[in-house]
Amino acid sequence: MLWTRWLVLLLCWGATSGEQQPDERDRAPAELRADSRRQRSPPPVEPLDFGFVPAAVYDTHAYYEPGAVGILFHMVHAFLYAVQPNSFPKDLIVKVIQQNMGGIKIEEWRKPENVVLLLKWIHYEAGFLICGTIGILIVVLTPIVGMCFCACRCCENCGGEMHQRQRKNADCQRGFYTASLVATSSFIVVGVLIAYAANHNVSTQIKSTRRLINTNMRDMKTFANNTPAQIEYLTAQYTTAKNKVLSELDNIGPLLGGRIHSQLEKEVVPSLDTALRMAGAMRETKEALENVSSSLEVLQEGTGKLQARLTGERASLSNTLSDPACTNGAVSHTCNTIRSTLSQLGISADFSKLRDVSHALDNVDTVLKTDLTNIVQKGYSSFNDTPRLVKEQTKNIVSGVKGMLDKIGTEINGFSKMFPVEASLANFTIFLNQGQKNIESYYPQIDQMDFYRWIGCVAMLCMVVLVLAFNILGLLCGSCGYDKQATPTTRGCLSNTGGNLLMAGVGFSFIFAWVLMAMVTTLFIVGGNVEKLVCEPLANRQLFKIIDTPFLVHPAKKNFLPGMLFQNPNIDLTLGSMYRDCFENNGLYHALQLETMFNINSFLNRTVYNNDLAKVFESVQVDLQDITLLEQAGRDNLINFANSGIGQIDYEAYLAEVNKGVTLVDLLSFSTDLEAQADQLPRGALENALKGHASSIRQIHREQVVPMEQAMSTLSQSIKQLQRMSSDLPVKVTNILSAIDAAEYLIINNASHVVKQETKGYVQSLVGYFKQYTEWVKNSLTAEVAQCKPISNIVDSMEIVACSFIADSVNTFWFGLGGCCILLIPSIIFSVKLAKYYRRMDTEDVFEE
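Residues numbered from 1 in each chain as written. Predicted model: local features only at pLDDT ≥ 70, side-chain atom pairs only at ≥ 80, totals over all residues. Heavy atoms only, no water.

**Observations regarding the nonpolar core**
Reasoning step 1: Ranked by internal contacts, the top residues of the largest apolar core, which has 121 residues, are Leu249, Leu289, Phe351, Leu405, Ile646, Tyr654 and Leu690.
Reasoning step 2: In terms of residue count, helix α9 (residues 252-321) provides more of this core than any other element does, 19 residues in total.
Reasoning step 3: The next biggest cluster of nonpolar side chains, apart from the first, holds 28 residues, and it includes Ile138, Ile188, Ala513 and Trp814. (Core = buried A, V, L, I, M, F, W, Y, C linked by side-chain atoms within 4.5 Å. Buried < 20%, exposed > 50% of the residue type's maximum accessible area, 1.4 Å probe, protein only. Helix = DSSP H or I, 4+ residues; strand = E, 2+ residues; numbered from the N terminus.)

**Some thoughts on helix α30 (residues 789-838)**
Reasoning step 1: Over its 50 residues, α30 runs 68 Å from end to end, which matches the ideal 74 Å to within 8%, given 1.5 Å per residue.
Reasoning step 2: Maximal helix bending in α30 amounts to about 30°, located at Ala807.
Reasoning step 3: Counting buried residues along α30, 35 of its 50 residues qualify, which places the element largely inside the surrounding structure. (Expected span 1.5 Å × (residues − 1). Bend = angle between axes of the 7 residues up to and from the residue.)

**A word on the confidence of the model for the chain**
Reasoning step 1: On average, residues of the chain score 77 in pLDDT, and 82% of them are at 70 or above.
Reasoning step 2: Per-element confidence in the chain is highest for helix α3 (residues 69-83), whose mean pLDDT is 92, and lowest for strand β1 (residues 30-33), whose mean pLDDT is 34.
Reasoning step 3: Low confidence marks residues 1-40, where pLDDT is under 50. Its contacts with residues over four positions away, or in another chain, come to 118 contacts. (pLDDT = per-residue confidence, 0-100. Contact = heavy atoms within 4.5 Å.)

**Let's talk about unusual backbone geometry**
Reasoning step 1: Even without glycine at this site, Arg541 takes up a positive phi of about 65°.
Reasoning step 2: Secondary-structure assignment places Arg541 in the loop between α17 (493-539) and α18 (542-547).
Reasoning step 3: Positive phi is not limited to glycine here, since Ala786 has a value of about 50°.
Reasoning step 4: Structurally, Ala786 is set in the loop between α29 (751-783) and α30.
Reasoning step 5: Assessed through its relative accessible area of 1%, Ala786 is described here as buried.

**Considerations on the packing of aromatic side chains**
Reasoning step 1: Under the counting rule described, the total for this entry stands at 22 aromatic pairs.
Reasoning step 2: Between Phe50 and Trp776, the aromatic rings sit 5.0 Å apart at their centres with planes inclined by 25°, giving stacked as the arrangement. Taken together, the residues Phe50 in the loop between β2 (36-38) and α3 and Trp776 in helix α29 connect sequence positions 726 residues apart. Neither Phe50 nor Trp776 differs from the other in exposure class; each is buried. (Phe/Tyr/Trp six-rings, centres within 6.5 Å; stacked < 30°, edge-to-face > 60°.)

**Quick look at the state of the cysteines**
Reasoning step 1: Here the structure, examined in full by the defined rule, presents two disulfides.
Reasoning step 2: The side chain of Cys535 participates in a disulfide bridge whose partner is Cys803; the two sulfur atoms lie 2.2 Å from each other. For the disulfide bridge between Cys535 and Cys803, the dihedral angle about the S-S bond is near -95°, and by the sign convention the bridge is left-handed. Taken as a pair, Cys535 in helix α17 and Cys803 in helix α30 lie far apart in primary sequence, 268 residues in all. Across this residue pair, the class does not change: Cys535 and Cys803 are buried. (Disulfide = S-S within 2.5 Å.)

**A word on the packing of α3 against α17**
Reasoning step 1: For the pair α3 and α17, the least separation of the axes is 11 Å and the interaxial angle reads 90°. For the element pair α3 / α17, the angle class is roughly perpendicular. Side by side, α3 and α17 meet where His77, Phe79, Leu80, Tyr81 and Val83 of the first sit next to Phe524, Gly528, Glu531 and Lys532 of the second.
Reasoning step 2: Looking at the contact of α3 with α17 residue by residue, the classes come out as five nonpolar, two polar and two charged. (Axes fitted to C-alpha atoms, helices over the stretch in contact; angles between N-to-C directions. Parallel < 35°, antiparallel > 145°, perpendicular 65-115°, else oblique. Nonpolar A, V, L, I, M, F, W, Y, C, P; charged D, E, K, R; others polar.)

**Overview of the pattern of salt bridges**
Any two side chains of opposite charge can pair if their charged atoms end up close together.
Reasoning step 1: All told, the structure shown has eight salt bridges when counted by the stated rule.
Reasoning step 2: The residue Glu46 makes a salt bridge to Lys244 at a minimum N-O spacing of 2.6 Å. Here Glu46 is found in the loop between β2 and α3, whereas its partner Lys244 is found in helix α8 (residues 238-250), with 198 residues between them in sequence.
Reasoning step 3: Under the relative-accessibility criterion, Glu46 is labelled partly exposed at 42%.
Reasoning step 4: Looking at Lys244, the relative accessible area reads 18%, which means it is buried.
Reasoning step 5: One network of salt bridges, in which partners are shared, links Glu46, Lys244 and Glu248. (Salt bridge = Lys/Arg side-chain N within 4 Å of Asp/Glu carboxyl O.)

**Considerations on the environment of Asn500**
Reasoning step 1: Summarising the element assignment, Asn500 is placed in helix α17.
Reasoning step 2: A relative accessible area of 33% means that Asn500 is categorised as partly exposed.
Reasoning step 3: For the pair Asn500 and Tyr838, spaced 338 residues apart in sequence, the C-alpha separation works out to 8.2 Å.

**Focus: the packing of helix α16 (residues 443-481) against α30**
Reasoning step 1: Contact pair α16 / α30: the axes reach a minimum separation of 11 Å and the direction vectors enclose 25°. As judged from the angle between their axes, α16 and α30 are roughly parallel. Like other packed secondary-structure pairs, α16 and α30 cross with a definite hand, here left-handed. Residues Cys457, Met460, Leu461, Val464, Val467, Asn471, Gly474, Leu475, Gly478 and Ser479 of α16 touch α30, and the partners they reach there are Phe813, Leu817, Cys820, Leu824, Ser827, Ser831, Leu834 and Tyr838.
Reasoning step 2: Along the lines of polarity and charge, the residues of the contact of α16 with α30 split into 12 nonpolar, six polar and no charged. (Left-handed = near helix turned anticlockwise from the far one by under 90°.)

Listed below in structure tokens is the structure:
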């Protein structure tokens, strides 16, 4: 079993990488703010592609299809099931083995428990015992009966008297005996053919055994030659995980710093955004104040001019209406109507009473001399510089970690080389080559032994064939030479020869039957029990359950296989489990449960997942106190803006005047109505004068009212904008400064918690890559490295050779030959009876009339 030890050794390195890493510790909640805590989920780990382990291709197909002879095998199996229908006695065999491990002693069998076991065994073997007893009786009685039969016939008894009595049904009896002997001989021929086919199948399949041996040896060599490449591939793939980790370390600034930045920006960026929006509001406020100032100036100036023109136009229109033509009865009503509307030609809004906004505008101009936007952008830049700070402050730590990773790779390669894998496999290959040569050296002897076996079996069949020859020749001669007209004493020579040949067949039957039955009985007992106790339980794996029974071999040794391989019988490794794993083409590491032989956790803790690496990352300190979100100038700028005076503007007074409109009446509507009333007057100077006044009013609206309305619209929008801006302005500024203070407090006081949390997540992502590697190694060792299909193929090949090639053929041989032996008994009887009708008698019955 030296080679099995080498196989165990060559894979023991894999135990160092096949164990899962210790479970990750629960992530502690990091305090992001003084009044809140939140749990961060671990970042997703990018899956690594380790490729495919070089696969071994095995040639052996441990499957046997017997073909046409399989029908005979099924017949034999059915016969054996009829003889032995009991299920496999697993418990009985285990008890027998356990109670007789110290050797079988006669006095031990007198114990009651052993007597019970013996009775159970006899009950199980009852079918074989009965059939074996019948066979032995035939073996013993056949020569005795034969000798008695010969002596009896020599004394002219038992049909030895050469006298045949005349019977009316003589022809019927002769026909019956002839037909019975023909049928019996036919069945004997079938039995001979079955036995010969089985005999020939053994020789044929022995040659196929060489193919199985060669393919199994070739698979074992493939197994041995391919394993070093697989091991080398596993160790080489550490570089994949290592390079990924190195890439992550080279980008620690964007990765770790970016994650710290992302965690803090939830509080920092909104506060800076509000300050930036306030800077924009300052500029908008200045524009609004400028619009108010310019619009107010335009409106105040325009109001005076508009008032003067409207007053002049009202006086002129009043003089026109004083024309004598308006005294005419038909015209006076229209003139009076127009005269009543003259009071509407006046201004509505009085902007002269509104205070200007120059003071607030001056204050805002002073505030805007400080570029708040630039100050806020500096805060953004300072905060966005977090990845660079992290990279600079962790430079020494990253270089130390890289050195550790190189050391880990060296330890993995060194550990894999601690065991002489290639030398062991080379020795194993030499062992296989030498073993194959030794097996092949026995081929000539096996062929010779098979030839002798074939000759012996054919010789036994020839004994039956000899009897068949006498029977067939006797039937042919007797039937052809028989003459119904001839009397028993006058029968012809050919008929007499047929009778003598039949009696010769009877004599050879007595000579050979007991020898053949002795061979059949022996082969039946041995082959039948091999089929029921070995082949059937091996096919359904019940035999493994016996071998794997705990404490079967020794009361202190639980399992047989690990005790033999590892000198540790307490390992939960069974032959059945090993066979199943190898049958599924899993790795030898998993099949032999090598993880129980090596301390994987200690190696992982010492290499891939070690405390030194964890301590290095725990020592990561990132100082973010240099980050300034808003300089003092920016704070003063915000406070000055809040105190700029835009809140003291009388917005209600402005809105009240703006909402009044420029004039008391719409001048366009007034001029239109004036023209309509002028059209009602008779044509003349009065009509033309009124239309001239309407045109003048339209000109006033176009030249003065429209610009003032535009100025009023601008004033209204600007006032409303300023009103919205000034609403709770000090409170807004206070909130902005409070948010920035809170963000700076978070950075200065709570950044260490964020750094620890994000560093832990970053380390876990790095460890995740190594965990992927170790998981991949374990899965590869379980299913892809040193796939032990050749081992299960060897077991299956042994089952095919021992059971399908040999046992089934041997059982089929005795089944056919045994049938022939049984049929020789009726053959003897029918031959003796029929010979009386073919042989020439010395005397006969004479009837006188």
